[in-house]
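As a plain string of letters, each chain reads:
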Amino acid sequence: MIAQVKDAKRRTRFANACRGLPVLDALLPLDCALFRNSQPWRFYAGPTLALELSGSTAWLAGHANPAELASFLSFCGCESAILDEAVCPPPDGWHKAETLTVFGLPQGVDEALWAQLTLCREAPAARVAQALYPADSARQADFYSELCTKRSRGRAVAWTLEQGSTVVCTVGAYALCNGQAYMACGQTAEPLRGKGIGGRLIVEMANSFAAEGLRPVFLCAPERVRFYTRLGFAKQAEYARYVPEK
């Protein structure tokens, strides 16, 4: 039975379901630890399942009965679910929309990719949020709040590249947990896209985490696989995003 994480038993189940999984073992346990009390509606566990609701997306580690999972996601109004389909059967009546490739830093990345960068390693959270969501004030506010909470506990990092007083590129790691650094929310200002600064900033941050003994990982949409492969990142796993049948 899928139930809200309210006691020690379910917290243990939640953590066990995530254990050792790239991205999921960093993101889900950290979010649960930081936001379980203030946002209890986000976190659920089954006997072998960890589930976090993030907006209309459900993140799943472990596995659950496909029929029960479909009913639960429908009740929650979910429009997509990210899961490791090697161990987690998809919800009944859902189909695969895309494959998200898990990338991580391989050994021996070319140092020329991140050399000679000028960056801000302590970018104000408000400027990062504005750069990522310039046209969505509500999303800005949510992102700002979550970043501040995680960063105040040493669990998140956000970097920017700036041109004068303007943020032209940003990338962050938004779950430093269980030996992983889950990197996400990379963005380059449109006039400077295609010039390589975003790729170099990502590699700089990944290399920094690797030097600290953290394993940098991130999810990649199908159209970006070639980009990250060119940078020298190596595929480590695959998760799938499912959506309900129309």
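This one's a predicted model, so the numbers in the text were calculated from it and none came from an experiment.

### Topic: the pattern of salt bridges
Now for step 1: Tallied over the full model, the rule gives eleven salt bridges.
Now for step 2: Between aspartate 7 and arginine 10 there is a salt bridge, with its nearest N and O atoms 3.5 Å apart.
Now for step 3: Of the residues examined, arginine 10 reaches a relative accessible area of 26% and is grouped as partly exposed.
Now for step 4: Aspartate 31 is paired through a salt bridge with arginine 42; the nearest N and O atoms lie 3.5 Å apart. One end of the pair, aspartate 31, is in helix H2 (residues 24-35); the other, arginine 42, is in the loop between H2 and strand S2 (43-46), and eleven residues separate them in sequence.
Now for step 5: Taken together, the salt bridges that share partners define one network made up of Asp31, Arg42, Glu52, Glu146 and Lys150.

### Observations regarding the confidence of the model for the protein chain
Now for step 1: Here the protein chain averages 90 in pLDDT, while 94% of its residues score no lower than 70.
Now for step 2: Taken together, the stretch residues 107-114 has pLDDT below 50 and engages in eleven contacts with residues farther than four places along the chain or on a different chain.

### Regarding the packing of aromatic side chains
Now for step 1: Under the criterion given, the structure shown has eleven aromatic pairs.
Now for step 2: Summarising the aromatic geometry, the rings of tyrosine 44 and phenylalanine 72 are spaced 4.9 Å apart at their centres and angled 70° between planes, so their arrangement reads as edge-to-face. Remark: phenylalanine 72 occurs in helix H3 (residues 66-76) and tyrosine 44 occurs in strand S2; sequence separation between them is 28 residues.
Now for step 3: Looking at tyrosine 44, the relative accessible area reads 11%, which means it is buried.
Now for step 4: Ring geometry for phenylalanine 103 against phenylalanine 218: centres 6.0 Å apart, planes inclined by 10°, an arrangement best described as stacked. Residue phenylalanine 103 is located in strand S6 (residues 94-104), and its partner phenylalanine 218 is located in strand S10 (residues 215-220); the two are separated by 115 residues in the primary sequence.
Now for step 5: We classify phenylalanine 103 as buried; its relative accessible area is 1%.
Now for step 6: Taking relative accessible area as the criterion, phenylalanine 218 reaches 4% and is therefore assigned buried.
Now for step 7: Across the ring face of tryptophan 159, the terminal group of arginine 121 is positioned such that the distance to the ring centre comes to 4.5 Å.

### Some details on the nonpolar core
Now for step 1: Core analysis: the biggest nonpolar cluster contains 39 residues, and Phe14, Leu28, Trp59, Tyr174 and Tyr182 have the highest contact counts within it.
Now for step 2: Examining the composition of this core, we find that eight residues originate from one element, H2, more than from any other.

### Quick look at unusual backbone geometry
Now for step 1: Phi at valine 23 is positive, roughly 70°, even though this residue is not glycine.
Now for step 2: Structurally, the position occupied by valine 23 is in the loop between helix H1 (8-18) and H2.
Now for step 3: Look at valine 23 and you get buried, because its relative accessible area is 0%.
Now for step 4: Its identity is not glycine, yet asparagine 178 carries a phi of approximately 55°, on the positive side.
Now for step 5: We classify asparagine 178 as partly exposed; its relative accessible area is 47%.

### Things to note about H2
Now for step 1: The terminal C-alpha atoms of H2, which comprises twelve residues, lie 16 Å apart, in line with the 16 Å expected from a rise of 1.5 Å per residue.
Now for step 2: A large share of H2 lies buried, amounting to eleven of its twelve residues.
Now for step 3: If you check which residues of H2 are buried, you get Leu24, Asp25, Ala26, Leu27, Leu28, Pro29, Leu30, Asp31, Cys32, Leu34 and Phe35.

Parameters and conventions
- Residues numbered from 1 in each chain as written.
- Predicted model: local features only at pLDDT ≥ 70, side-chain atom pairs only at ≥ 80, totals over all residues.
- Heavy atoms only, no water.
- Salt bridge = Lys/Arg side-chain N within 4 Å of Asp/Glu carboxyl O.
- Buried < 20%, exposed > 50% of the residue type's maximum accessible area, 1.4 Å probe, protein only.
- Helix = DSSP H or I, 4+ residues; strand = E, 2+ residues; numbered from the N terminus.
- pLDDT = per-residue confidence, 0-100.
- Contact = heavy atoms within 4.5 Å.
- Phe/Tyr/Trp six-rings, centres within 6.5 Å; stacked < 30°, edge-to-face > 60°.
- Lys NZ or Arg CZ within 6 Å of the ring centre and 35° of its normal.
- Core = buried A, V, L, I, M, F, W, Y, C linked by side-chain atoms within 4.5 Å.
- Expected span 1.5 Å × (residues − 1).

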